[in-house]
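The residues making up each chain are set out below.
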Amino acid sequence: MTVLSVLRPSAVFKKCLSGSVINGTRSTTESAVNNVNTFRLLTTSLVRNGGGHQRVMEIIPSKYQWHKYKDLLHFYLMLGAIPALGLVFYTNVFIGPATLTEIPCDYQPRHWEYEKHPISRFIARYFTTSRQERYERNLFYITELDETRRLTLLENKVKDLMSQRGDYPNYFAGSVTSGKYLRRRLQEEAEIEALRGEG
């Protein structure tokens, strides 16, 4: 009926105004009341009875990025968590922890063989260094610091002696490689000393 009222309002209006037959006779009062009620039902079903405010659509920020972030987070967590949990389950159920056994006298165990769990052994073998290597690296670091400290102390001592004696480093004095030039220089120095002594 609603579809008809939208498509052909004139036919609905004519039906509402026409009288109804009650027991073979027309009652104008009853037919008018029925017609008005029918007309009200038909017209109010077509009218939107919202609140008394303006028809405003609120603009809110989109939640697309939030939903996309959650989807990607769950995806990558599951992408890493499911295989990791499967690997842990497999190693605990089918491989199990290591047991103590006798070793030959000439065998030197590797550093990862001291770990009990298979995953800890794998990590110790391929991703970490041994305790001995860490100890030796630390000794090398300490030795380097000590050598740097000694050189700094020596340099400070040289600077102190230079300031006390009024000395300075002569960067332009070249090394003498030939005896001829050394003898000539010694002769010139002797002549200079002779001239100073006479005057």
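In this text, all values refer to a predicted model and were calculated from it rather than measured experimentally.

Moving on to the overall build of the protein. Secondary structure summary: the protein contains seven helices and two strands in total. Secondary structure elements in the protein, listed N-terminal to C-terminal, are α-α-β-β-α-α-α-α-α. Counting across all 199 residues of the protein, residues that qualify as buried make up 6%. Counting contacts in the protein only where the partners sit at least 6 residues apart, residues at least 24 apart contribute 22% of the total.

Looking now at the pattern of salt bridges. Oppositely charged side chains may form a pair once their charged atoms are brought near each other. Applying the stated rule across the entire model yields six salt bridges. With its nearest N and O atoms 2.8 Å apart, the salt bridge here joins D146 to R149. With D146 and R149 both in helix α6 (residues 131–165) and three residues apart, the pair spans about one turn of that helix. Judged by its relative accessible area of 27%, D146 is partly exposed. Between E155 and K159 there is a salt bridge; the shortest N-O distance is 3.5 Å.

Relative to the helices and strands, T91 resides in helix α4 (residues 64–95). On the basis of relative accessibility, which here comes to 7%, the residue T91 falls in the buried class. When near neighbours in sequence (up to four residues on either side) are disregarded, T91 contacts G96, H117 and I119.

Moving on, we come to the packing of aromatic side chains. Counted by the stated rule, this structure contains five aromatic pairs. Between the aromatic rings of F122 and F127, the centroid separation amounts to 5.9 Å while the plane-to-plane angle is 70°, which identifies the pairing as edge-to-face. The rings of F122, Y126 and F127 are connected pair by pair, giving a single aromatic cluster.

Across its 35 residues, α6 extends 51 Å between first and last C-alpha, which sits within 8% of the 51 Å expected from 1.5 Å per residue. At the C-terminal side of α6, G166 shows a positive phi close to 70°.

Mapped onto the fold, S130 is located in the loop between α5 (118–126) and α6. A polar atom in the side chain of S130 sits 3.1 Å from the backbone nitrogen of E133.

A few words on the confidence of the model for the protein. Mean pLDDT for the protein: 79, with 67% of residues reaching 70 or above. Considering only residues more than four positions removed or in separate chains, one finds that residues 1–7, a stretch of pLDDT under 50, has nine contacts.

A separate point is a nonpolar patch on the surface. A cluster of nonpolar side chains, namely W66, Y69, L73, L77, M78 and I82, defines an oily patch on the protein surface of about 640 Å² accessible area. Tracing the backbone through its elements, the reader meets L77 in helix α4. Exposure remark for L77: the relative accessible area of 47% places this residue in the partly exposed category.

Here is what the cut-offs are and how they apply
Residues numbered from 1 in each chain as written. Predicted model: local features only at pLDDT ≥ 70, side-chain atom pairs only at ≥ 80, totals over all residues. Heavy atoms only, no water. Helix = DSSP H or I, 4+ residues; strand = E, 2+ residues; numbered from the N terminus. Buried < 20%, exposed > 50% of the residue type's maximum accessible area, 1.4 Å probe, protein only. Contact = heavy atoms within 4.5 Å. Salt bridge = Lys/Arg side-chain N within 4 Å of Asp/Glu carboxyl O. Phe/Tyr/Trp six-rings, centres within 6.5 Å; stacked < 30°, edge-to-face > 60°. Expected span 1.5 Å × (residues − 1). Polar contact = N/O pair within 3.5 Å; in protein donor to acceptor, adjacent residues only side chain to side chain. pLDDT = per-residue confidence, 0-100. Patch = residues over 30% accessible without salt bridge, like charges linked within 9 Å, V, L, I, M, F, W, Y side chains within 5 Å. Areas by Shrake-Rupley, 256 points an atom, 1.4 Å probe, with all protein chains shown as cover.

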